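# Analysis of the macromolecular model
Spelled out from the first residue to the last, the chains are:
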Amino acid sequence: MILNKFFFSKKKILKNRISVSPMCQYSAVDGCPSDWHYRHLSNFLLSGAGLIMLESTAVEANGRITKKDLCIETIKQRNEFKKLVSYLKKINNTPIGIQLSHSGRKGSSMIPWEKANSPLKKKDSWTTVSSSDLKKDEHWPKPKKLTIQEINKIKKKFELSIKNALDAKFDVFELHIAHGYLLHQFLSPICNTRDDKYGGTKLKRFKLPLEICKIARNILPKNKIIGARITGDDHLKFGITTNEAVEFCHELEKIGFDYVCVSSGGIKTKTKMRQKEFFRLKIAKQIKKNTNLKIGITGLVDNLSLADKYIKKKYIDFVFIGRRFLQNPFFLYKDNFLKNKKIIKPPPQYERGY
Ligand SMILES: Cc1cc2nc3c(=O)[nH]c(=O)nc-3n(C[C@H](O)[C@H](O)[C@H](O)COP(=O)(O)O)c2cc1C
């Protein structure tokens, strides 16, 4: 089943139900893809996965997490993405997606391998923004609470980035509404303490993410796939619950979204989230049961035998695998993961290696 073709609302056919999860590389040059991205993504094109998602890409410079994040705001950046996608498409026709994001109060960070969970030194930093002026963590600076005028500007940045990504010929477009980034900062009552049209009640917290989702859907032609990485649970008292996530997904469905990738946590550094194999299955299952969206799941889901079982049981539709692809981009060819020993065939050029 996991190897079966996957139809995205009859729009696009994936050759299987495995996607490479978006993974920041902190290797961009002025927001543009670098040689590293060409090399890194080419590996995934040869991995046998049915979909390759590019890392979180900022809609404006201040929406980057670090100074080395990708950004798709300017004409130069758009043109560099165009070149990258055109290069990747020459390798093979695996669909390629982009994840668009704004870091909000999680921006102006040091690169994790230089120092994890650390804001940039003052002289290198920028002022971050958020739904409220609550800090991400004790040792982080206060973000600036966005005014309505500033919110409108950010909506325009999303609009421009989606147009740029469309121009660059991506196949799949994903909005990042999870992991504690700006749209999640509006969604979650842990972070959003506003009392205007963007906060105070559940529907008001939903408002900005949904407005941006609508903008995106309206820009993209009907045959383009659009989805979101969502928060199925904040894993915190008074945070987003799965019931609320289901309600949010209903709204995405009404707008015409095709899929969600179920993630969770991240609105604060420490939560009650504990990672183990398929730890988000219960959340994903509940969302799948209550919506008609295609349901992806992420978080230790690389046991493909189990993934196969859960797809057959209709708990989920597809999986987004991250770290396993970093360890070995070609693991799918070696993994006799299914009882019937079916495997994904390597490209013909590599067949004699197996
Ligand atoms: C190096 C690295 C970078 C990541 N960057 C992103 C990102 O850009 N966007 C995102 O939504 N998740 C990001 N994640 C989370 C992964 O997409 C994935 O959800 C997570 O690693 C859990 O899946 P796994 O257990 O298969 O690794 C990142 C994870 C890693 C390890």
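Relevant structure appears above.
Heads up: these notes are all about the structure in this document.

Conventions adopted
Residues numbered from 1 in each chain as written. Predicted model: local features only at pLDDT ≥ 70, side-chain atom pairs only at ≥ 80, totals over all residues. Helix = DSSP H or I, 4+ residues; strand = E, 2+ residues; numbered from the N terminus. Rg over C-alpha atoms; globule rule 2.2 N^0.38 Å. Buried ≥ 20, exposed ≤ 12 C-beta atoms within 10 Å, placed from the backbone. Contact = placed C-beta atoms within 7 Å. Axes fitted to C-alpha atoms, helices over the stretch in contact; angles between N-to-C directions. Parallel < 35°, antiparallel > 145°, perpendicular 65-115°, else oblique. Left-handed = near helix turned anticlockwise from the far one by under 90°. Nonpolar A, V, L, I, M, F, W, Y, C, P; charged D, E, K, R; others polar. Pairing = 2+ DSSP bridges. Right-handed = clockwise from strand over helix to strand, strands pointing away. Near = placed C-beta within 6 Å.

Let us look at the overall build of the chain. A tally of regular secondary structure across the chain gives ten helices and 13 strands. The C-alpha atoms of the chain give a radius of gyration of 19 Å, which matches the 20 Å a tight globule of 354 residues would have. Along the first, second and third principal axes, the C-alpha atoms of the chain reach 60 × 40 × 40 Å. The buried share of the chain, reckoned over its 354 residues, is 48%. Taking all contacts inside the chain whose residues are at least 6 apart in sequence as the whole, residues at least 24 apart take part in 70%.

Helix packing for two helices is described by the angle between their axes and how far apart those axes are. As a packed pair, helix α6 (residues 242-255) and helix α7 (residues 281-290) sit with axes 10 Å apart at the nearest point and diverge in direction by 40°. Considering their axes alone, α6 and α7 lie oblique with respect to each other. Helix-helix and strand crossings are classified by hand; for α6 and α7 the assignment is right-handed. Residue-level inspection shows Thr242, Ala245, Val246 and Cys249 of α6 in contact with α7, the latter providing Ile283, Gln286, Ile287 and Asn290. A breakdown of the residues in the contact of α6 with α7 according to their chemical character gives five nonpolar, three polar and no charged.

Here the focus is the packing of helix α5 (residues 202-219) against α6. Look at α5 against α6: their axes get within 10 Å of each other, and the N-to-C directions meet at 30°. As summarised for this structure, α5 and α6 are arranged roughly parallel, according to the angle between their axes. Pair α5 / α6 crosses with right-handed handedness. Between α5, through Lys202, Phe206, Leu210, Cys213, Lys214 and Arg217, and α6, the contact on the second element is made entirely by Glu244, Phe248, Glu251, Leu252 and Ile255.

Let us look at the pairing of strand β12 (residues 294-298). Of all five residues in β12, five are buried, a share of seventy percent or more. Residues of β12 alternate between two faces, with Lys294, Gly296 and Thr298 on one and Ile295 and Ile297 on the opposite face, all of them buried. Two elements, strand β11 (residues 259-263) and β12, share four bridges in a ladder whose sense is parallel. Pairing of Val262 across the sheet is with Ile297, part of β12. For the crossover that starts at β11, traverses α7 and ends in the parallel β12, the hand is right-handed. The pairing of β12 with strand β13 (residues 318-321) spans three bridges and is parallel. Paired with Gly296 across the bridge in β13 is Phe318.

Taken together, 19 residues sit near the ligand, with Ser21, Met23, Ser56, Gly322 and Arg323 positioned nearest. Secondary structure elements with two or more residues in the shell around the ligand: β4 (51-58) and α9 (323-327). Tallied by class, the residues present in the shell around the ligand amount to five nonpolar, nine polar and five charged.

By the element assignment, Asp124 lies in the loop between β6 (96-101) and β7 (129-130). On a C-alpha basis, the gap between Asp124 and Cys191 in space is 25 Å, while along the polypeptide they are 67 residues apart.

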